[in-house]
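Read off the chains here:
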Amino acid sequence: MNEKRVGRGCVVLRQGDITESDVDAIVNAANNHLRMGAGVAGAIKRKGGQAIEAEAVSKGPIRVGDAVITDAGELPARHVIHAAGMGTDLKTSPEIVEACTRASLEVAEENSLGSIAFPAIGTGVGGLDVKLVASRMLEACMAHLQTSASKLTRIEFVLFSDADLAAFQEALEAL
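Residues numbered from 1 in each chain as written. Predicted model: local features only at pLDDT ≥ 70, side-chain atom pairs only at ≥ 80, totals over all residues. Heavy atoms only, no water.

Digging into helix α1 (residues 39-48)
This is how the line gets drawn: With a 1.4 Å probe rolled over the protein chains alone, any residue whose accessible area is under 20% of its type maximum counts as buried; one over 50% counts as exposed, and the rest are partly exposed. Segments assigned H or I by DSSP are reported as helices when at least four residues long, segments assigned E as strands when at least two residues long, and all are numbered from the N terminus. Here a residue-residue contact requires only that any non-hydrogen atoms of the pair lie within 4.5 Å.
Inspection of α1 places Ala-41, Gly-42, Ala-43, Ile-44 and Gly-48 among the buried residues, and these make up the whole buried set. On its buried side, α1 packs onto β3 (25-31), α2 (50-58) and β5 (79-86). Backbone geometry just downstream of α1 places Gly-49 in the positive-phi region, at approximately 110 degrees.

Structure, rendered in structure tokens:
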């Protein structure tokens, strides 16, 4: 299963490169100082431009679990939502991933966005198990879409590997 309707919206799973997503906002798996180094953040900075990091850093530091929005530079998306899934100590937890997922959704609502794309936050440098992350992130997104006030109509999870996609598919089927 790669798509599930929830309320007025849908959750979509796909494999690919999140920097190529044509959505209102992509989510950057960030540290709380909002510096963009490796992984998803590095790819966003390389393809979207240094201005994304400069704008993000000007809004930080933020609390771990929070999120801020910036312009998306040269990316197809209009915005980047920087979700602080860890501090500069590079440590995270399922609770932090869930908190920054919810914070990203709130930022999307505050900015009247209709679509958002997430990576698997915390599974790279953070070292979290992708199955656990998939369950926590999907549960948060589905609960959010069930609220009648949500403006979001499409939440995508753009997974880099076959294994990550399979873990998210399994978690989505279980919900």
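Thoughts on the nonpolar core
Side chains of nonpolar character tend, in soluble globular proteins, to be buried together. The test is simple: We define the nonpolar core as a collection of buried residues of types Ala, Val, Leu, Ile, Met, Phe, Trp, Tyr and Cys that are connected through side-chain atoms lying within 4.5 Å of one another.
The biggest cluster of nonpolar side chains holds 38 residues, and the ones touching the most others in it are Ile-81, Ile-116, Phe-118, Ile-155, Phe-157 and Phe-168. It is helix α4 (residues 130-145) that provides the largest number of residues to this core, a total of eight residues. For Ile-81, the residues in contact, after removing those within four places along its chain, are Ala-25, Ile-26, Val-27, Asn-28, Ala-67, Val-68, Ile-69, Ser-104, Val-107, Ala-108, Leu-113 and Ile-116. Counting 13 residues, the second-largest nonpolar core is a separate cluster that includes Ile-18, Met-36, Ala-72 and Ala-117.

Notes on α4
Here is the rule we go by: In this analysis, the expected span of each helix is defined as 1.5 Å times one less than the number of residues it contains. As used in this structure description, the phrase polar contact means that two N or O atoms lie within 3.5 Å; if the pair is within protein, one of them must be able to donate a hydrogen and the other to accept it, and residues adjacent in sequence are counted only when both atoms belong to side chains.
Here α4 is 16 residues long and its end C-alpha atoms lie 22 Å apart, about the 22 Å a rise of 1.5 Å per residue gives. Within the sequence span of α4, burial applies to Val-130, Val-133, Ala-134, Met-137, Leu-138, Ala-140, Cys-141, Met-142, His-144 and Leu-145. Contacts made by the buried residues of α4 are with β1 (3-6), β2 (9-15), α3 (94-110), β6 (115-118), β7 (154-159) and α5 (162-174). A side-chain oxygen of the first residue of α4 lies 3.2 Å from the backbone nitrogen of Lys-131; this N-cap is Asp-129.

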